[in-house]
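As a plain string of letters, each chain reads:
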Amino acid sequence: MLAEMSDEMTESSSDEPEPPAPRAATDKRQPPPKRARKQRKQQLTRAGQPIDRRQRLRIPPHHVTKQTPHDRVHNWDEVYFGYTAGPAMFEAQRCIQCPAAPCTQACPIDNDIPGALAFLEIGKLADAADIFRQTSEMPELCGRLCPQEALCEGVCVIAKNAKPVAIGKLEAFLGDWDRKQRGGFPVPTPKQESGQRVAVVGAGPAGLAVAEQMRTAGHGVSVFDAWPAGGGVLRYGIPNFKTAKDIVDEKVEALRQASVEFHFETRVGVDIGWAELSQYDAVFLGHGASVGKRLGLDGERLPRVYSATEFLVRANLDDRMLPTALRSTPDVGRSVVVVGGGDTSMDCVRSAVRLGAEQVTLLYRRTENEMLGREEERRHAREEGVRFEYLTTPVGLIERDGAVVGVECARMSLGEADASGRRRPTPVAGSEFVIDCDAFVVAVGYDVGREMYADSGIDVDDWGAVIVDQQGRTSRPGVFAGGDNVVGADLVVTALAGAHAAVPAMLDYLKELQAERSLAMAAG
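Conventions and cut-offs
- Residues numbered from 1 in each chain as written.
- Predicted model: local features only at pLDDT ≥ 70, side-chain atom pairs only at ≥ 80, totals over all residues.
- Heavy atoms only, no water.
- Buried < 20%, exposed > 50% of the residue type's maximum accessible area, 1.4 Å probe, protein only.
- Helix = DSSP H or I, 4+ residues; strand = E, 2+ residues; numbered from the N terminus.
- Pairing = 2+ DSSP bridges.
- Contact = heavy atoms within 4.5 Å.
- Phe/Tyr/Trp six-rings, centres within 6.5 Å; stacked < 30°, edge-to-face > 60°.
- Lys NZ or Arg CZ within 6 Å of the ring centre and 35° of its normal.
- Salt bridge = Lys/Arg side-chain N within 4 Å of Asp/Glu carboxyl O.
- Axes fitted to C-alpha atoms, helices over the stretch in contact; angles between N-to-C directions.
- Parallel < 35°, antiparallel > 145°, perpendicular 65-115°, else oblique.
- Left-handed = near helix turned anticlockwise from the far one by under 90°.
- Nonpolar A, V, L, I, M, F, W, Y, C, P; charged D, E, K, R; others polar.
- Core = buried A, V, L, I, M, F, W, Y, C linked by side-chain atoms within 4.5 Å.

(A) Molecular detail of the pairing of strand S14 (residues 439-442). Burial along S14 is two-sided: the face carrying Ala-439 and Val-441 and the face carrying Phe-440 and Val-442 are both buried. The sheet contact formed by strand S6 (residues 305-307) and S14 spans 3 bridges and is parallel. Among the inter-strand pairings, Ser-307 is bridged to a residue of S14, identified as Val-442. Two elements, strand S7 (residues 335-339) and S14, share 4 bridges in a ladder whose sense is parallel. Counterpart to Val-338 in the pairing with S14 is Val-441.

And the structure:
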């Protein structure tokens with residue numbers, strides 16, 4: 001029966017379920033049942049979909065379509081077109097509803113993936129979307145940006161013999177479908193106002209998640225961010241061809257509708273001090289890690305030598321979203337060289353292609369086996385004409401008439417493993433060579449930076465990362481932290497996990513503070 005239903009759904013989009021009436025953004029429907037193997041089995045059986053795991057293993061994957069390389073290099077639109085309802089239901093049937101749910105265990109925020117897919121395959125799209133929203137403030141963004149092959153899809157039991165279930169693409173589809181039905185993201189609606197105020201530093205994933213949960217709890221929330229618009233890395237670090245910025249706009253707008261206050265172009269330690277922040281009842285630090293690392297080469301300050309963040313924001317965003325100093329498109333000329341090995345370097349090379357560079361080269365000092373970024377991103381880059389130079393490192397920049405015209409490189413060999421577990425690269429004597437280039441981009445990682453903590457009383461480590469306990473508490477009472485400014489540059493989903501770890505402790509702290517003040521007033 002499963003196979004027959006699947007065949008029907010792939011033949012015509014007319015088999016897609018009839019969508020329910022649009023839901024209000026503040027819809028207060030009861031949440032779907034909590035995760036339980038027995039409930040999921042009963043749910044599917046009642047719908048005529050018994051969990052026959054052997055039969056499910058025979059269902060072929062339904063791949064998401066995407067732009068061809070020829071088309072996509074000429075635009076900044078998202079590469080993937082995404083699922084529609086019928087194919088998404090088809091793909092969800094491939095989930096064999098593992099009793100142990102290893103995909104959930106591999107998710108940093110514990111998404112109930114089997115529970116969501118059980119609703120999706122029987123056409124209960126709203127319930128499926130709600131399950132993801134129970135544990136994620138932005139499933140449509142995590143679905144696009146998480147390295148699922150290293151997380152949920154990487155442990156999918158089906159992946160032992162076939163393609164894993166397309167969990168990320170299904171999560172993105174459900175988030176998009178849900179927003180379309182609601183007319184935007186759900187708007188946090190507190191049951192009652194607490195009278196307490198919370199400051200959130202950073203309008204990226206961690207900061208937005210904390211702002212949402214604090215507002216839901218009835219606290220007043222003010223968000224401070226150094227950039228001219230909200231989103232943090234979602235806007236200022238990730239290209240449009242991976243995530244459309246209107247999703248980020250909708251998220252910020254939903255929080256505005258909930259009376260969250262945003263203060264942009266406001267830097268802690270410059271535009272607002274710790275004395276002002278201390279006027280709030282609690283503070284959350286979620287400003288990320290945004291200080292780009294440098295190589296230490298002579299010439300890194302030359303024209304057309306860019307940091308990754310500068311290059312990406314100038315390439316991907318309208319001037320109105322940028323500080324005045326960054327309001328111009330990068331000059332890439334004919335040839336661009338990018339150094340790095342993570343997803344940011346892939347974002348840079350693929351942006352350079354879209355800016356019109358005829359030749360784009362990536363330098364990486366190890367082999368592809370040691371690269372930390374997504375294989376999918378490297379594949380897309382190759383399809384778009386990017387050349388990869390592995391076991392290669394830059395050793396100098398070549399200048400002519402005050403501008404970079406080339407990069408001197410050296411070949412590397414791999415020795416014993418270093419602290420990261422990867423084999424340490426060492427230069428090969430006499431292997432130097434030159435690559436001509438009109439622009440050079442450094443995409444070798446990010447640090448947190450220590451400047452803003454100088455007079456804060458907050459302990460940081462040697463790299464500037466904030467030191468916290470397991471509940472996100474810093475050394476300063478009432479100040480909590482989570483995300484990249486704690487763990488270093490990482491994933492959107494790990495930033496959410498850091499926020500989720502801090503929220504319960506923040507709520508407890510605010511309750512205790514309120515109780516103390518009530519006692520003091522009663523005594524006075």
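Right, picking up where we left off after that structure.
(B) Examining the side chain of Asn-485 more closely. Secondary-structure assignment places Asn-485 in helix H18 (residues 484-487). Leave out the neighbours within four places in its chain, and Asn-485 touches Leu-285, Gly-286, His-287, Gly-288, Ala-289, Val-448, Tyr-453, Ala-465 and Val-466.

(C) Structural view of the pairing of strand S11 (residues 403-417). In the sheet, strand S10 (residues 392-400) pairs with S11 via 8 bridges, with the strands oriented antiparallel. Bridged to Pro-394 within S11 is Cys-409. Turn length for the S10-S11 hairpin, with the two strands adjacent in sequence and antiparallel, is 2 residues, and the turn residue Asp-401 shows positive phi of about 55°. Where S11 meets strand S13 (residues 433-436), 4 bridges bridge the pair, whose relative direction is antiparallel. The partner of Glu-408 across the bridge, within S13, is Val-434. Sheet topology places S11 next to strand S12 (residues 423-427); 4 bridges connect them, and they run antiparallel.

(D) Structural detail: the packing of aromatic side chains. Taken as a whole and judged by the stated rule, the model has 8 aromatic pairs. Geometrically, the ring pair formed by Phe-262 and Phe-264 is stacked, given 5.5 Å between the ring centres and 20° between the ring planes. The ring of Tyr-280 has Arg-197 sitting right over it, with the charged end atom 4.4 Å from the ring centre. The aromatic ring of Phe-388 is capped on one face by Arg-382, whose charged end is 4.8 Å from the ring centroid.

(E) Expanded view of unusual backbone geometry. For Arg-304, which is not a glycine, the phi torsion comes out positive at approximately 65°. By the element assignment, Arg-304 lies in the loop between strand S5 (291-292) and S6. One non-glycine residue with positive phi stands out, namely Asp-401, at about 55°. Note on placement: Asp-401 falls in the loop between S10 and S11. The class for Asp-401 is exposed, based on a relative accessible area of 79%.

(F) Broad picture of the pattern of salt bridges. Tallying each qualifying case throughout the model produces 37 salt bridges. Glu-149 is the salt-bridge partner of Arg-374, the closest N and O atoms lying 3.0 Å from each other. One end of the pair, Arg-374, is in the loop between strand S8 (359-363) and helix H17 (375-383); the other, Glu-149, is in the loop between helix H9 (139-145) and helix H10 (167-182), and 225 residues separate them in sequence. What makes Arg-374 buried here is its relative accessible area of 7%. With a closest N to O distance of 2.8 Å, Asp-178 and Arg-182 form a salt bridge.

(G) Just the packing of helix H8 (residues 125-135) against H10, in detail. Between H8 and H10, whose axes approach to 9 Å, the crossing angle comes to 110°. One finds that H8 runs roughly perpendicular with respect to H10. Here H8 and H10 pass one another in a crossing that is left-handed. Of the residues in H10, those touching H8 at Leu-125, Ala-126, Ala-128, Ala-129, Asp-130, Phe-132 and Arg-133 are Glu-171, Phe-173, Leu-174, Gly-175, Trp-177, Asp-178, Arg-179 and Arg-182. The residue inventory of the contact of H8 with H10, partitioned by class, reads 8 nonpolar, 1 polar and 6 charged.

(H) Structural context of H17. What H17 keeps buried is the set Glu-376, Glu-377, Arg-378, His-380 and Ala-381. Tucked inside the fold, the buried residues of H17 contact helix H4 (69-72), H10, helix H16 (343-354) and strand S9 (387-389). Looking one or two residues past H17, Gly-385 carries a phi angle of roughly 95°, positive in sign.

(I) Quick look at the nonpolar core. The biggest cluster of nonpolar side chains holds 45 residues, and the ones touching the most others in it are Val-210, Met-214, Val-223, Leu-234, Phe-262, Phe-284 and Met-506. Looking at this core, the elements with two or more residues in it are H9, strand S1 (197-201), helix H11 (205-216), strand S2 (220-224), helix H13 (245-257), strand S4 (282-285) and helix H19 (492-523). Excluding residues within four positions of it along the chain, Phe-284 makes contact with Ala-199, Val-200, Val-201, Ala-206, Gly-207, Val-210, Phe-480, Ala-481, Gly-482, Ala-499, Ala-502 and Met-506. In this structure, Met-89, Ala-116, Cys-152 and Ala-166 belong to the second largest nonpolar core, which totals 31 residues.

(J) Quick look at the sheet that holds S9. Reading across from one edge, S6-S14-S7-S8-S9 is the order of the 5 strands in this open sheet, with parallel pairing throughout. Bordering the open sheet on either side are S6 and S9, each of which pairs with just one other strand. Looking at each pair of strands side by side, their axes are set apart by 20° on average, direction ignored. Across the sheet, helix H15 (residues 308-316) touches S6 and S14, and the angle it forms with S6 is around 90°.

(K) Just the environment of Asn-369, in detail. Structurally, the position occupied by Asn-369 is in the loop between S8 and H17. With relative accessibility at 74%, the residue Asn-369 sits in the exposed group. Separated by 132 residues in sequence, Asn-369 and Gly-237 place their C-alpha atoms 25 Å apart.

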